[in-house]
Amino acid sequence: MVALADAAYATVSLSALLLIGPMVAAHLLTVRHTVLAGATALALALPLPAVDEGADLPHHLVRALIVATGGLWAYVTARAHARHQAELARMTRIAEWAMIPALPAELGGVGLAAHTRSSAGAGRIGGDLHDAVATPTGLRLIVGDVKGHGLDAAHLSATVLAAFRRTAATAPDLAALARELDAAVSPSLGPEDFATVLLAEFVPGGVLLVNCGHPAPVRVDSRLRALHPPRPCRPLGLSPEPYVWRVRLLPSDRLLLFTDGLAEARSRDGVELPFDEHLHGALTQATLEESLREVLDLLRRHTAGSSADEVDDLTLILAQPLAVREPPAPAPVMEDRRSLD
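Worth saying up front: this structure is predicted, and the values here are computed from it rather than measured.

Criteria and thresholds
Residues numbered from 1 in each chain as written. Predicted model: local features only at pLDDT ≥ 70, side-chain atom pairs only at ≥ 80, totals over all residues. Heavy atoms only, no water. Helix = DSSP H or I, 4+ residues; strand = E, 2+ residues; numbered from the N terminus. Buried < 20%, exposed > 50% of the residue type's maximum accessible area, 1.4 Å probe, protein only. Contact = heavy atoms within 4.5 Å. Areas by Shrake-Rupley, 256 points an atom, 1.4 Å probe, with all protein chains shown as cover. Expected span 1.5 Å × (residues − 1). Arc of directions from axis to C-beta. Patch = residues over 30% accessible without salt bridge, like charges linked within 9 Å, V, L, I, M, F, W, Y side chains within 5 Å. Salt bridge = Lys/Arg side-chain N within 4 Å of Asp/Glu carboxyl O. Polar contact = N/O pair within 3.5 Å; in protein donor to acceptor, adjacent residues only side chain to side chain. Disulfide = S-S within 2.5 Å. Core = buried A, V, L, I, M, F, W, Y, C linked by side-chain atoms within 4.5 Å. Pairing = 2+ DSSP bridges. Axes fitted to C-alpha atoms, helices over the stretch in contact; angles between N-to-C directions. Phe/Tyr/Trp six-rings, centres within 6.5 Å; stacked < 30°, edge-to-face > 60°. Lys NZ or Arg CZ within 6 Å of the ring centre and 35° of its normal.

*Asks:* I'd love a proper account of the overall build of the protein, names of residues and values included.
*Replies:* For the protein, the helix and strand inventory stands at nine helices and 11 strands. Burial analysis of the protein (341 residues in total) assigns 42% to the buried set. Long-range contacts, defined here as pairs at least 24 residues apart, represent 70% of the contacts in the protein between residues at least 6 apart. Total accessible area computed for the protein in this model is approximately 18800 Å², and 61% of it derives from carbon and sulfur atoms.

Below you can see the structure in the form of structure tokens.
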């Protein structure tokens with residue numbers, strides 16, 4: 001009996017060792033890799049009697065059955081894990097689009113293209129925020145960045161966006177809108193929290209701006225021109241005193257609005273992305289979407305090999321006023337001069 005118990009213990013122990021790979025793969029790798037790990041474990045279990053002279057056939061069959069059953073369990077677990085991850089990804093995408101819907105290609109007489117990325121991964125939810133609302137006075141747009149990352153920052157971003165969507169069309173001007181946003185977000189902020197925002201209202205021949213501690217937008221014409229405010233204004237949550245100023249923006253010009261993910265992107269050597277002729281060339285492609293793709297490619301090349309700790313939330317919005325089309329001239333009316341007699 002003792003010898004039988006010892007043999008059974010050795011069989012189970014060896015089987016457990018063989019099953020470590022499939023069990024780990026079921027929780028960390030794909031279903032395909034889990035199946036490969038299980039098949040490898042079973043393949044290792046089958047020839048063991050040839051190298052283990054003390055193992056008889058019943059013990060060998062028990063060991064193979066344990067390994068096969070454990071491999072099947074690992075496969076079922078991996079399938080369930082994959083379904084859970086797919087459902088979580090689907091719900092995350094729904095939440096992302098509900099919180100930060102995609103901007104249309106044209107709104108309120110302005111062409112738009114946008115890209116956003118969270119530092120937490122491939123998702124879009126993070127500390128960055130943006131939205132646009134067409135109003136009777138012109139398109140109003142917001143780009144912002146809440147201090148921090150993750151769910152806490154996403155909650156504050158949602159608070160700012162809700163206030164913007166609620167008041168953007170009714171606020172008399174951008175300064176009043178900024179004060180409304182500050183009043184809405186301040187109760188939710190901690191003593192060291194804040195949110196930077198840039199508000200823009202597109203008007204004929206120009207754009208009105210309010211900048212509460214946010215990176216200055218860039219006008220793209222014959223060169224890149226950073227549109228710094230005449231005087232500083234503190235971020236939301238820090239008692240800002242917002243004011244409005246106007247800059248020229250023609251239909252031939254473009255306006256780049258962005259967050260720290262672009263302004264503070266660093267190379268492996270710690271060099272920030274230069275706002276030079278390469279970036280200007282990227283921003284002057286035939287379409288706004290092509291321009292954003294070129295900017296993202298330029299950013300990837302610049303940050304290749306840099307530390308993951310330097311990755312920040314990123315939002316890019318490229319806007320361009322659309323030329324006003326003259327209505328077609330009415331067709332000439334031909335008079336019928338035939339006599340009625």
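Moving on, there is more to tell.
*Asks:* Describe helix α2 (residues 31-45), with residues and values.
*Replies:* The end-to-end C-alpha separation of α2 is 21 Å, in line with the 21 Å expected for 15 residues at 1.5 Å each. Within the sequence span of α2, burial applies to V31, T34, G38, A41 and A45. An end-on view of α2 places all buried positions within 85° of arc, on one side of the element.

*Asks:* I'd like a rundown of a nonpolar patch on the surface, residues and numbers included.
*Replies:* On the surface, a cluster of nonpolar side chains totalling about 510 Å² of accessible area is made up of L17, I20, V24, L28 and L29. Mapped onto the elements, V24 comes out in helix α1 (residues 2-28). When its relative accessible area of 43% is taken as the criterion, V24 is described as partly exposed.

*Asks:* Describe helix α6 (residues 174-185), with residues and values.
*Replies:* A rise of 1.5 Å per residue sets the reference length of α6, with its 12 residues, at 16 Å; its end C-alpha atoms lie 16 Å apart and thus fit the reference within 8%. Restricting attention to buried positions, one finds in α6 the residues L174, A175, A176, L177, A178, L181, D182 and V185. The N-terminus of α6 is capped by D173, whose side-chain oxygen sits 3.0 Å from the backbone nitrogen of A175.

*Asks:* Any details on the state of the cysteines? Residues and values, ideally.
*Replies:* Counting across every chain of the model gives zero disulfides. There is no disulfide at C233, and the cysteine sulfur nearest it, in C212, is 3.8 Å away.

*Asks:* Describe the nonpolar core, naming the residues involved and giving the relevant values.
*Replies:* Core analysis: the biggest nonpolar cluster contains 48 residues, and I142, L199 and F202 have the highest contact counts within it. Per element, the largest residue contribution to this core is seven residues, and it comes from strand β5 (residues 195-203). The contact partners of L199, leaving out residues within four places of it in the chain, are L141, I142, F164, L174, L177, A178, L181, L208, L209 and V210. Core analysis: the second largest hydrophobic core is formed by 21 residues, V218, L273, L288 and L296 among them.

*Asks:* Summarise the pattern of salt bridges; cite the residues concerned and give the values.
*Replies:* According to the stated counting rule, one finds eight salt bridges in the structure shown. R140 is the partner of E201 in a salt bridge, and the nearest nitrogen-oxygen pair spans 2.9 Å. In this pair, E201 sits in strand β5 while R140 sits in strand β4 (residues 138-146), placing the two residues 61 residues apart along the sequence. Across the pair, R140 and E201 agree in class, each one buried. The shortest N-O distance in the salt bridge between D253 and R248 comes to 2.7 Å. A relative accessible area of 3% places D253 in the buried class. Bridged by salt links that share partners, the residues R219, D221, R225, R248 and D253 form one connected network.

*Asks:* Can you lay out the sheet that holds β4 for me, pointing to particular residues and giving the numbers?
*Replies:* In space, the five strands of this open sheet follow the order β3-β4-β5-β6-β9, with antiparallel pairing throughout. The strands lining the two open edges of the sheet, one partner per strand, are β3 (128-135) and β9 (245-248). Averaged over all adjacent pairs, the angle separating strand axes in this sheet is 20°, with direction ignored. The pairing of β3 with β4 spans eight bridges and is antiparallel. Residue pairing across strands places D128 opposite D145, the latter belonging to β4.

*Asks:* With reference to specific residues and values, describe the sheet that holds strand β1 (residues 106-107).
*Replies:* Spatially, six strands are ordered β1-β2-β11-β10-β7-β8 in an open sheet, and the strand pairing comes out antiparallel. Each having just a single partner strand, β1 and β8 (224-226) make up the two edges of the open sheet. Helix-sheet contacts for helix α9 (residues 288-303) involve β2 (110-117), β10 (254-258) and β11 (314-321), and the interaxial angle to β11 is about 150°.

*Asks:* So what's going on with the packing of aromatic side chains? Residues and values would help.
*Replies:* Overall, the coordinates contain two aromatic pairs when judged by the stated rule. Residues Y243 and W245 carry aromatic rings whose centres are separated by 6.2 Å and whose planes lie at 40° to one another, so their mutual orientation is tilted. Exposure remark for Y243: the relative accessible area of 12% places this residue in the buried category. Assessed through its relative accessible area of 11%, W245 is described here as buried. The ring of Y243 is capped by R231, whose NZ or CZ atom sits 3.8 Å from the centre of that ring.

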